[in-house]
Amino acid sequence: MSMEIIGQQMVNGITLGGLYALIALGYTLVYGILLLINFAHSEMFMTGAYVGYFTLIGLSKIDFFTSSNVGLLLLYVLAFLAGMIVTGLLGMLTERFAYRPLRNAPRLAPLISAIGVSLFLQNAALLWISSRSIPFPILFEIRQDDIAGVNVSSMQILIVGTTILLLLVLDTFVSKTRVGKAMRAVSQDREAAGLMGVNINYIIALTFFIGPALGGAAGIFSGMYYGSIKYNMGFIPGIKSFTAAVIGGIGNLRGAMLGGFTLGMIEALAAGFISTGYKDVIAFAILILVLVFKPGGLLGESVVEKV
Amino acid sequence: MVKSKRLFTLIAVLVLLAMVVTGCGSEDADSGDSASTSDLVEIKIGVSSPFTGDVAALGLGIKNGALLAISDSADELADLGIDLSAFAVDDAADPKTGVNAANQMISDSEVVGVVAHLNSGVSIPTSAVYNEAGIVQVSPASTNPQLTEQGFKNVFRVCTIDTVQGSYAGTFAYNELGAMTAVVLDDSTPYGEGLAAEFAKQFEAEGGEILLSEKIQLKDQDFKALVTKMEALNPDMIYFGGMYTEAGLVSRQAKEAGMTAPIMGGDGLYTQQFIEIGGDEGDYSTSVGLPLNEQPKGQDFIASFEAAYPGETIEAYDTYAYDAAMVIIEAIKAVAADMGADELTSVAGKQAIIEAVAATDYAGVTGAVSFDEKGDTLNKAITPYVVEGGAWVPVK
């Protein structure tokens, strides 16, 4: 077993983990504010991918975007912006119509509502777009670099780099800005925050914009990385990322990141050195172990039961 | 009050959307004109395959093929006093949904036979349902040997079984491709496992060496870790027992990592979707039967297909579904001539249809169709295909 293979598997794992982390941020952000597991998040991932796809297809008909490198860069930036904004708005819409009416209902009600939204969006994409896999347009050349015998592609660097950058921005936003302070206040005690003059609906809507927008960005990355998109593409990454958020400590942003990378790495190493068929068994066994010894997750705070 | 009014609006919008969605998705089963058929005996052929989900491309092709056969023989059947239509149900490539679909079809007394199921994993559990109901099942595409080994007299298939296809691939890989070493992957389904096992057995019997056998999970997208593992072994080829979605992703990720070994698979890869997802030049597949344009009836089928479905491509099993439906239609004609059209939907009529199918001797689009005592086709031709210029072409 050479070092190169171990290194290569770690690169595989870190990239997969980057995707998981980006999706997990959305789960954990929403959970932190509302204590709601947004099961529709995996469909936000899918929506982002489709919006990015249609933006790319539409705009690439214009010569300006495909004739120069600057145009290409702008094209992809626009695809990401469109994907993130549309997905973010869809997230806000979901919150407005599927979760807000149930905000004071028992916690099971919004959870079921979330599953309903998930099924609705998945089937809408199936019926209105296509049941087939659609090739995702990649209009630039992906560079492959050899770093000490390990093959690293520019796409992998892009995914991991963007994920870490977004985490840093989000982390600063939540801990340093006034709005971030309001978000933390709402997550600690919604009613008290409201009494202190925080506009709760605005904060929750904002959370439901940011979380899904990150999921949407992850969807576009997934399309670029794996080369095709499909109406049910969110299912597996959704479950895995939720697991990642739980491993890291759900509600904790850095935990989501740590959990994502941990899970990606475990999967790659398990598939690479044990068995591909058993990688999920091993990943979920580790989830159970983490929950047994640290019920709040790796970076989670000890859970205080609200009375 | 305001709150409940809002909730009402929300529900109204959702109901409206749901209606739009189901409206789009419902199957237009009665393709014939129903106005002039009042004096005809109405019967149906059930058609079930995945219309949605990962392998919908192949499943919708089966529906296309079967519907084409039904509309092609509408006039002839009308002369016999029969109005034949299709009862199409989605099985979503899922055994549970498939059994529901089977129950839905058999509960309609006008259904006299089914062209059913792409996936062996669906065909095997549903065959018991059709057997119980005494209705003939002709599978256009399920290749796992177990299907016809259950002793059911009503189960037939017009495609060759995995043992033939898998071992053909083993011989082909060793002798024609000159591969000495291989990695064998399967997708943990009865179809994929059966095919991969037969390939491995034959490839080793020829003198080849299997370096690694791995199972992958359906719907998984990330095979990079597996690719790194395979790359280190440097096999001459990769054999993939499974369907085009996962195979396409494996091929794409393997080529991205710099592997040059071709991927080879069975009929589950033989669709344009495999190439769109990531199948590369030089990848191989085998498919049952001879290439369409080498068949006497091939050109007729192509013309008829293009007229009925302009702009659509012919998928791997369209011709098999066509022949499967035709086999049932031929049996319907024979029984109608013998017992009268009114008897077709009776228990005795359905039994007679099963016996007529067993005695089939029909020149189909895929070649001569007739069955052995188990219900397997006697037409065991296999054709290897290679990706060339972005399309599957028969290997010379």
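Thresholds, definitions, all that
- Residues numbered from 1 in each chain as written.
- Chains lettered and ligands numbered in written order.
- Predicted model: local features only at pLDDT ≥ 70, side-chain atom pairs only at ≥ 80, totals over all residues.
- Helix = DSSP H or I, 4+ residues; strand = E, 2+ residues; numbered from the N terminus.
- Rg over C-alpha atoms; globule rule 2.2 N^0.38 Å.
- Contact = placed C-beta atoms within 7 Å.
- Buried ≥ 20, exposed ≤ 12 C-beta atoms within 10 Å, placed from the backbone.
- Expected span 1.5 Å × (residues − 1).
- Pairing = 2+ DSSP bridges.
- Right-handed = clockwise from strand over helix to strand, strands pointing away.
- Core = buried A, V, L, I, M, F, W, Y, C linked by C-beta atoms within 7 Å.
- Axes fitted to C-alpha atoms, helices over the stretch in contact; angles between N-to-C directions.
- Nonpolar A, V, L, I, M, F, W, Y, C, P; charged D, E, K, R; others polar.
- Parallel < 35°, antiparallel > 145°, perpendicular 65-115°, else oblique.
- Left-handed = near helix turned anticlockwise from the far one by under 90°.
- pLDDT = per-residue confidence, 0-100.

## Side note on the overall build of chain B
- Scanning chain B from terminus to terminus reveals 13 helices and 14 strands.
- Radius of gyration (C-alpha) of chain B: 22 Å, near the 21 Å computed for a compact globule of 396 residues.
- Its C-alpha atoms put chain B at 70 × 70 × 40 Å along the principal axes.
- Partitioning the intrachain contacts of chain B with sequence separation of at least 6 by distance along the chain shows that 72% fall at a separation of at least 24.

## Quick notes on the overall build of chain A
- For chain A, the count of helices and strands is 12 helices and 4 strands.
- The globule rule puts the C-alpha radius of gyration for 307 residues at 19 Å, and the 20 Å found for chain A is close to it.
- The dimensions of chain A, computed from C-alpha atoms along their principal axes, are 55 × 50 × 40 Å.
- For chain A, the proportion of its 307 residues judged to be buried stands at 48%.

## Notes on helix 1 (residues 3–34) of chain A
- Under the 1.5 Å per step criterion, the end-to-end length of helix 1 of chain A is 45 Å for 32 residues, consistent within 8% with the ideal 46 Å.
- Counted residue by residue, helix 1 of chain A has 26 buried out of 32 residues, so it is predominantly covered.

## Looking at the pairing of strand 6 (residues 181–186) of chain B
All names here are of chain B.
- Counted residue by residue, strand 6 has 5 buried out of 6 residues, so it is predominantly covered.
- Across 6 bridges, the pairing between strand 6 and strand 7 (residues 209–215) is parallel. The partner of V183 across the bridge, within strand 7, is L212.
- The parallel pair strand 6 and strand 7 is bridged by helix 7 (residues 190–206), and the resulting crossover is right-handed.
- Where strand 6 meets strand 8 (residues 237–241), 5 bridges bridge the pair, whose relative direction is parallel. Each residue of the ladder has a partner; that of A182, found in strand 8, is M237.

## Brief notes about the nonpolar core
- Residues I45, A66, V115, I238, Y239, A325 and I328 of chain B are the most contacted members of the largest nonpolar core, which totals 200 residues.
- Of all the elements, helix 1 of chain A adds the most residues to this core, at 16 residues.
- Contact partners of I45 of chain B, with chain neighbours within four places excluded, come to A66, I70, L84, A86, V112, G113, V114, V115, A325 and I328 of chain B.

## Concerning the sheet that holds strand 13 (residues 382–388) of chain B
Residue and element names in this part refer to chain B.
- Taking strand neighbours across the sheet as the criterion, the 7 strands line up as 7-6-8-9-10-13-14 in an open arrangement whose pairing is mixed. Among the strands making up the open sheet, the edge pair consists of strand 7 and strand 14 (391–394). Averaged over all pairs of adjacent strands, the angle between strand axes in this sheet comes to 25°, irrespective of strand direction.
- Along the sheet, helix 8 (residues 224–233) makes contact with strand 6, strand 7 and strand 8, crossing strand 7 at roughly 175°.

## A closer look at the interface of chain A and chain B
- The partner chain B presents 33 residues to the 29 residues of chain A that form the contact.
- Listed by contribution, the elements that provide at least two residues to the side of chain A that touches chain B are helix 1, helix 5 (108–128), helix 10 (235–248) and helix 11 (253–273) of chain A.
- Here the side of chain A that touches chain B is composed, by residue class, of 13 nonpolar, 13 polar and 3 charged.

## Focus on the packing of helix 1 of chain A against helix 2 (residues 41–59) of chain A
Residues and elements named next belong to chain A.
- It is the contact of helix 1 with helix 2, at a shortest axis distance of 10 Å, that shows an interaxial angle of 135°. The orientation of helix 1 relative to helix 2 falls into the category oblique. Crossing of helix 1 against helix 2: the hand is right-handed. On the side of helix 1, the interface is formed by I23, G26 and Y27, while helix 2 contributes H41, M44 and F45.
- When grouped by side-chain class, the residues that make up the contact of helix 1 with helix 2 number 4 nonpolar, 2 polar and no charged.

## A few points about the environment of G223 of chain A
- With respect to the secondary-structure elements, G223 of chain A resides in helix 9 (residues 200–226).
- Apart from the residues lying within four places of it in its own chain, the contact partners of G223 of chain A are A49, G52, Y53, F136 and I229 of chain A.

## Comments concerning the sheet that holds strand 1 (residues 41–49) of chain B
Residues and elements named next belong to chain B.
- Strand order in the open sheet formed by 5 strands is 2-1-3-4-5, with parallel pairing between adjacent strands. The open sheet has two free edges, formed respectively by strand 2 (82–90) and strand 5 (155–157), since each of these has just one partner strand. Between one strand axis and the next, the sheet turns by 25° as a mean value, whatever way the strands run.
- One ladder, built from 3 bridges, connects strand 4 (residues 136–139) with strand 5; its direction is parallel. The partner of Q137 across the bridge, within strand 5, is V155.

## Thoughts on the environment of M92 of chain A
Residues and elements named next belong to chain A.
- By the element assignment, M92 lies in helix 4 (residues 69–99).
- Expressed as a C-alpha distance, the spacing of M92 and G211, which sit 119 residues apart in the sequence, is 9.8 Å.
- Among all residues touching M92, those that are not within four sequence positions of it are A205, F208 and F209.

## So, helix 6 (residues 154–176) of chain A
- For helix 6 of chain A, with 23 residues, the first-to-last C-alpha span of 32 Å sits near the 33 Å given by 1.5 Å per residue.
- Of the surrounding elements, those touching the buried residues of helix 6 of chain A are helix 1, strand 3 (150–153), helix 9 and helix 11 of chain A.

## Re the confidence of the model for chain B
Residues and elements named next belong to chain B.
- On average, residues of chain B score 88 in pLDDT, and 90% of them are at 70 or above.
- Counting contacts from residues 21–37, a segment whose pLDDT is below 50, to residues more than four positions away or on other chains yields 21 contacts.
- Taken over the whole predicted complex, pTM reads 0.83, whereas the ipTM for its chain interfaces reads 0.89.

## Some details on the packing of helix 2 of chain A against helix 9 of chain A
Residues and elements named next belong to chain A.
- Taken N-terminus to C-terminus, the directions of helix 2 and helix 9 make an angle of 60°; their axes are 7 Å apart at the nearest point. Taken together, helix 2 and helix 9 sit at an angle that is classed as oblique. Note on packing geometry: the crossing formed by helix 2 with helix 9 is right-handed. Across from H41, M44, F45, M46, T47, G48, A49, V51, G52 and Y53 in helix 2, the residues of helix 9 making contact are P212, G215, G216, A217, A218, G219, I220, S222 and G223.
- Residue classes in the contact of helix 2 with helix 9 are distributed as 10 nonpolar, 9 polar and no charged.

## Here's the deal with unusual backbone geometry
All names here are of chain B.
- One non-glycine residue with positive phi stands out, namely A93, at about 60°.
- The exposure class of A93 is buried, given the 25 C-beta atoms found within 10 Å.
- For H117, which is not a glycine, the phi torsion comes out positive at approximately 80°.
- The residue H117 is located in the loop between strand 3 (111–116) and helix 5 (120–133) in this model.

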